[in-house]
Amino acid sequence: MSDAADIAGAVAALRAGGLVILPTETVYGLAADAGDPRAVAKVYEAKGRPSFNPLIAHVADLATARRIARFDTRAEWLAERFWPGPLTLVLPILDTAAVCDLARAGLDTVAVRAPAHPVAHALLEAFGGPLVAPSANRSGRPSPTTLADALEETGSAAAASLDGGPCAIGLESTVVALLDAPRLLRPGAVTRAQIEAVAGALSEAEADAKRSPGRLTRHYAPNLPLRLNAEERLPGEVWLGFGRWGGAGFNLSPDGDLAEAAANLFAYLRAADRADGATGIAVAPIPGEGLGEAINDRLRRAAGFVG
Ligand code: TXA
Ligand code: MG
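First things first, this report covers the structure right here in the doc. (Residues numbered from 1 in each chain as written. Chains lettered and ligands numbered in written order. Predicted model: local features only at pLDDT ≥ 70, side-chain atom pairs only at ≥ 80, totals over all residues. Heavy atoms only, no water.)

### Some details on the nonpolar core
Cut-off, in case you're wondering: Buried residues of nine kinds, namely Ala, Val, Leu, Ile, Met, Phe, Trp, Tyr and Cys, make up a nonpolar core once their side-chain atoms join them within 4.5 Å. Only protein chains enter the calculation, and the probe is 1.4 Å; a residue is then buried if its accessible area is under 20% of its type maximum, exposed if over 50%, and partly exposed in between. A run of DSSP states H or I qualifies as a helix once it reaches four residues; a run of E qualifies as a strand once it reaches two. Both are numbered from the N-terminal end. By definition, residues are in contact when any of their heavy atoms lie within 4.5 Å.
Grouped together as the largest cluster of nonpolar side chains are 47 residues, with contacts concentrated most on F71, W83 and L89. The element best represented in this core is helix 2 (residues 37-47), accounting for 5 residues. Setting aside chain neighbours within four positions, we find F71 in contact with L62, A65, R66, E76, A79, W83, L89, L91 and V112. With 28 residues, the next largest nonpolar core counts A230, W239, F242 and F266 among its residues.

Here is the structure:
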């Protein structure tokens, strides 16, 4: 686990316009000063990310977020209930210097999130301003959930890296837009039901895909093709089981626990990808309720079903 000296080194790297690999409770991020367009440009380049796909501004607390974005009542409720934690809010931008145009892909909105991981929080406090931090994978690949995976993906572009151990959640934050009606742009660890209990009914985001441009391409994908809702392994396939769908290979959660499956998902996709001589990955059926909505969302996109 990184200590105070590592945090000080990371702050120095960020102030010099460098990138930092950062642990969060969801996945590892590749962080840069959100107000420094040259640093932000390095993030897009390191990820091979199209510059029309905006980044999340990470903040230490709600007070900092309020200076950057305009919070309406529902946004206040959601932040008070779920921050710090795995929820990102898309809101109208207030401070276009703190989160530069390139970070927002030129939009008049900004995605903000206050992460709960102690190392992320310590870095944000010490830095004193917002940091953009997309998942530290190269664009289109599974998000890294360990420092080793993050270093393998984009480590060569980072001036410093922080170790926070394996990510407890393992899936990216839930993204909710509060621009007109609340919309779920990306399911995540905070479930649809939890959001609706606080903010009221969510409108469907499908028709709204333009508002979350990063969701339009094949994403979270290993190199091998994925076959979903598989009830058995075919010759050549690596098996990714769940609960009673066991067998030789991996099991995302032998007890059928969705939180455990989420935490294992990306690491097991990477491991399955490395299996000798495999021609594909077969994934057992995973229930769609609660956290299962986010797990199935990532699997569908990894399999190439985007829509
Ligand atoms: O859990 C997470 O959110 C992780 C950790 C590192 O914090 N970060 C992350 O960032 O997943 P990224 O860049 O991989 O995903 C950000 C998502 C993308 O789908 C992007 O299109 C969307 O948020 N997004 C960002 N700004 C937006 C905006 N202004 N309007 C709509 N969608 C936005
Ligand atoms: Mg990502």
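### As for the pattern of salt bridges
To keep things clear, this is the line we draw: One speaks of a salt bridge when a side-chain nitrogen belonging to Lys or Arg is within 4 Å of a carboxyl oxygen belonging to Asp or Glu.
The full count for this structure, using the stated rule, is 13 salt bridges. Between R192 and E293 there is a salt bridge whose closest N-O contact spans 2.8 Å. Placement of R192 in helix 7 (residues 192-199) and of E293 in helix 9 (residues 292-302) is noted, with a sequence separation of 101 residues between them. Taking relative accessible area as the criterion, R192 reaches 24% and is therefore assigned partly exposed. For the salt bridge of D297 with R301, the shortest nitrogen-to-oxygen distance reads 3.0 Å. Of this pair, D297 and R301 are both found in helix 9, 4 residues apart, which corresponds to roughly one turn of the helix. By relative accessible area, R301 is classed as buried at 9%.

### Considering the sheet that holds strand 12 (residues 250-251)
Basically, it comes down to this: For two strands to count as paired, DSSP must find a minimum of two bridges between them.
One open sheet accounts for 4 strands, arranged 10-13-11-12; its pairing is parallel. Each edge of the sheet is formed by a strand with only one pairing partner; in this case those strands are strand 10 (226-227) and strand 12. As paired elements, strand 11 (residues 237-241) and strand 13 (residues 280-283) share 4 bridges and run parallel to each other. Paired with V238 across the strands is I281, a residue of strand 13.

### Comments concerning the sheet that holds strand 6 (residues 131-132)
Just so we agree on the cut-off: To get an axis, a line is fitted to the C-alpha atoms, and for a helix only the part in contact is used. The angle between two axes follows their N-to-C directions and goes from 0 to 180 degrees.
Strand order in the open sheet made by the 9 strands is 7-1-2-6-3-5-4-8-9, with mixed pairing throughout. Across the chains shown, the open sheet's two edge strands, defined by having one partner strand only, are strand 7 (160-161) and strand 9 (182-186). Here strand 4 (residues 87-92) pairs with strand 5 (residues 109-113) via 4 bridges, running antiparallel. Each bridged residue has a counterpart across the sheet, and for V90 the counterpart in strand 5 is A111. Sitting on the sheet, helix 2 is in contact with strand 2 (29-33) and strand 6, with an inclination near 155° to strand 2.

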